[in-house]
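Overview (structure and organization)
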Amino acid sequence: MRAWSIGRMAGIPVRLHGSLLLFLPLLAWTSVPAGTGLVGMSWGCIYAAALFGSIVLHELGHSLVARRQGAVILDILLLPIGGMARIAGMSTRPRDEFLVAAAGPAVSLALGAVGWFSAPFLFVINPWVGIVADGLGRTNFMLGLFNLVPAYPMDGGRIFRALLSPRLGAVRATRIAATVARVVAVLFAARAVWPWFHGGQVRIFLLLVALFVYQSAGAELKRTPR
Ligand SMILES: [Zn+2]
């Protein structure tokens, strides 16, 4: 599926994957309380757009740190499972990798704190603005924590590998990080389908992330010499 350019941030092209044209309205629809009609739906759209705006800022965090280290940022691609900064010529020094990986979750956690603390004040000005800020705060906070799970190639997995590398060497560190990632992916998948056995719904987002992590970690294991 093709991706559309929607603008630039700090000179970096931001592109929207085609599947989001379906996913964004769905997100807007499901994030509003039922029975709030057109007004609720409009705020749902603002929430969905702002959430993907925060994901761009998360990726921008990675990108700007990588650029300072001399890497070239090709673009930031937005997908239903999140964002992806495509970076060429990234430094392979563990310290540099650590800083690039940590920058994204740091942005999300900061946005989470801003949303969380400003929501009660914004609620007084306009209840919908308060609800949106609260939702964005919580979601960004969760995103920040979720990305810190040590499941390579997620940010936490990159941090984990960067911490192991100086002691074990890049190859062993990568093998360990990728193996841990596959275990975490299986746990994610189990958690995602668990409700289904009890008459509930499968957590599609978590299942997609599990498949992505399992597949990417597997590819990384194949690339790494034994
Ligand atoms: Zn990230």
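Preceding block: the structure.
Described in the following lines is the structure provided in the data block.

Thresholds, definitions, all that
- Residues numbered from 1 in each chain as written.
- Predicted model: local features only at pLDDT ≥ 70, side-chain atom pairs only at ≥ 80, totals over all residues.
- Heavy atoms only, no water.
- Pairing = 2+ DSSP bridges.
- Helix = DSSP H or I, 4+ residues; strand = E, 2+ residues; numbered from the N terminus.
- Axes fitted to C-alpha atoms, helices over the stretch in contact; angles between N-to-C directions.
- Contact = heavy atoms within 4.5 Å.
- Buried < 20%, exposed > 50% of the residue type's maximum accessible area, 1.4 Å probe, protein only.

Right, let's talk about the sheet that holds strand β4 (residues 82-88) for a bit. Taken together, four strands build an open sheet; the order of strands is β1-β2-β3-β4 and the sheet is mixed. Both outer strands of the open sheet, β1 (3-9) and β4, are each paired with one neighbouring strand and no more. The average angle at which neighbouring strand axes cross in this sheet is 25°, direction not considered. Bridge count for strand β2 (residues 12-17) against strand β3 (residues 72-79) is three bridges, and the pairing is parallel. Its bridge partner lying in β3, Val14 is registered against Ile76. Of the strands in this sheet, β1, β2 and β3 touch helix α1 (residues 20-30), which is tilted by about 80° from β2. On the sheet, helix α2 (residues 37-68) packs against β1, β2, β3 and β4 and is oriented at approximately 160° with respect to β3.

Within β3, six of the eight residues are buried, which leaves it mostly tucked inside the rest of the structure. Two strands pair when backbone bridges link them, and β3 and β4 are joined in this way by seven bridges, in the antiparallel orientation. Following the sheet pairing, Val72 is matched in β4 by Ala88. Remark: two residues form the turn of the hairpin made by β3 and β4, two consecutive strands paired antiparallel.

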